[in-house]
Amino acid sequence: MSEEKNKKAALNVYETICQMFDDLEFKYERHDEDLVVSCSIKGEDFPMDILFIVDADRELVQLLSPMPFRISEDKRIDTAVAVAVANYGLINGSFDYDMSDGEIRFRATQSFLDSILGKEVFRYMLGASTSSIDKYNDRFFMLNKGMMTVEQFIEMEGSDE
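Quick caveat, the model's predicted, so the values are computed rather than measured.

## Some details on the overall build of the protein
If you tally the helices and strands in the protein, you get 4 helices and 6 strands. Each principal axis of the C-alpha atoms in the protein carries an extent, and together these give about 50 × 30 × 30 Å. Taken over 161 residues, the protein has a buried fraction of 43%. Within the protein, contacts between residues at least 6 apart in sequence are counted, and of these 55% link residues at least 24 apart. A distance of 2 Å separates the average location of the 17 positive side-chain charges in the protein from that of its 32 negative side-chain charges.

## Looking at the pairing of strand S4 (residues 60–66)
A regular strand carries its side chains on alternate faces of the sheet. Within S4, 6 of the 7 residues are buried, which leaves it mostly tucked inside the rest of the structure. Examined bridge by bridge, strand S3 (residues 47–55) and S4 share 5 bridges and lie antiparallel to one another. Note on S4: the bridge partner recorded for phenylalanine 52 is leucine 63. Where S3 folds back onto S4 in an antiparallel hairpin, the turn is made up of 4 residues, including glutamate 59, whose phi is positive at roughly 55°. Here S4 pairs with strand S6 (residues 103–111) via 7 bridges, running antiparallel. Pairing of leucine 63 across the sheet is with alanine 108, part of S6.

## A word on the sheet that holds S4
What the 6 strands build is an open sheet, ordered S1-S2-S3-S4-S6-S5; its pairing is antiparallel. Only two strands of the sheet have a single partner each, and these edge strands are strand S1 (29–31) and strand S5 (94–98). Looking at each pair of strands side by side, their axes are set apart by 25° on average, direction ignored. Across the sheet, helix H1 (residues 3–24) touches S1, strand S2 (36–42), S3 and S4, and the angle it forms with S3 is around 155°.

## A look at the nonpolar core
In terms of nonpolar packing, the biggest core is built from 45 residues, with Ile17, Phe52, Phe95 and Phe140 touching the most fellow members. Sort the elements by how many residues they give to this core and H1 lands first, with 8 residues. Sequence-distant contacts of phenylalanine 52, defined by excluding residues within four places in its chain, comprise Ile17, Met20, Phe21, Leu35, Val36, Val37, Val61, Gln62, Leu63, Phe122, Met125 and Leu126.

## Some remarks on the state of the cysteines
Chemically, a disulfide is nothing more than a covalent bond linking the sulfur atoms of two cysteines. Here the structure, examined in full by the defined rule, presents 0 disulfides. Distance from the sulfur of cysteine 18, which forms no disulfide, to the nearest cysteine sulfur (cysteine 39) is 11 Å. Here cysteine 39 falls in the buried class, since its relative accessible area comes to 9%.

## A word on the pairing of S6
Across 5 bridges, S5 lies against S6 in antiparallel orientation. By the bridge assignment for S6, aspartate 98 is matched with glutamate 103. Here S5 folds back onto S6 in antiparallel fashion, the turn holding 4 residues, of which glycine 102 has a positive phi close to 80°.

## A few points about the packing of aromatic side chains
Within this structure, the stated rule accounts for 13 aromatic pairs. Here tyrosine 136 and phenylalanine 140 contribute two aromatic rings whose centre-to-centre distance is 6.0 Å and whose plane-to-plane angle is 25°, an arrangement assigned as stacked. Separated by 4 residues within a single helix, tyrosine 136 and phenylalanine 140 lie in helix H3 (residues 119–144), roughly one turn from each other. We note that tyrosine 136, like phenylalanine 140, is buried. Clustering of aromatic rings is evident, with ring pairs tying together Phe21, Phe26, Tyr28, Phe52 and Phe122.

Rules used throughout
- Residues numbered from 1 in each chain as written.
- Predicted model: local features only at pLDDT ≥ 70, side-chain atom pairs only at ≥ 80, totals over all residues.
- Heavy atoms only, no water.
- Helix = DSSP H or I, 4+ residues; strand = E, 2+ residues; numbered from the N terminus.
- Buried < 20%, exposed > 50% of the residue type's maximum accessible area, 1.4 Å probe, protein only.
- Contact = heavy atoms within 4.5 Å.
- Lys, Arg positive; Asp, Glu negative; His and termini not counted.
- Charge placed at Lys NZ, Arg CZ, Asp CG, Glu CD.
- Pairing = 2+ DSSP bridges.
- Axes fitted to C-alpha atoms, helices over the stretch in contact; angles between N-to-C directions.
- Core = buried A, V, L, I, M, F, W, Y, C linked by side-chain atoms within 4.5 Å.
- Disulfide = S-S within 2.5 Å.
- Phe/Tyr/Trp six-rings, centres within 6.5 Å; stacked < 30°, edge-to-face > 60°.

Here it is in structure tokens:
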């Protein structure tokens, strides 16, 4: 696809994401120059900061949501195991974990290569992602604070099936 065609497709995707938020009557912020939409959604335990990032060059949309805390150095190995356990059961999206600084973020990606994506795709991305984030953010937090062991995390994951 030509660069001009990519930009046009990306702008259409960006506007569709904004229309989805309008339809849901969610408060959100537009960052038109970067083709980024941001919002915060109240979860059971923590608010979830959500970014929809439209990448014209790679013809994809990423939903990113960083956890509102960092993992302390003494819990990073256990957290790496917990993130792997959590990711194994996820159907769509995954948790990215940077052991060097303790950051965990959720990421879901959708390509718009030669495609026209409707609002329902982005509504699905938002719903599926926030469901996964809300399920795990408190578990990662409790593991980090020593309120749960990695063994308990694994046991909890097994009881969810």
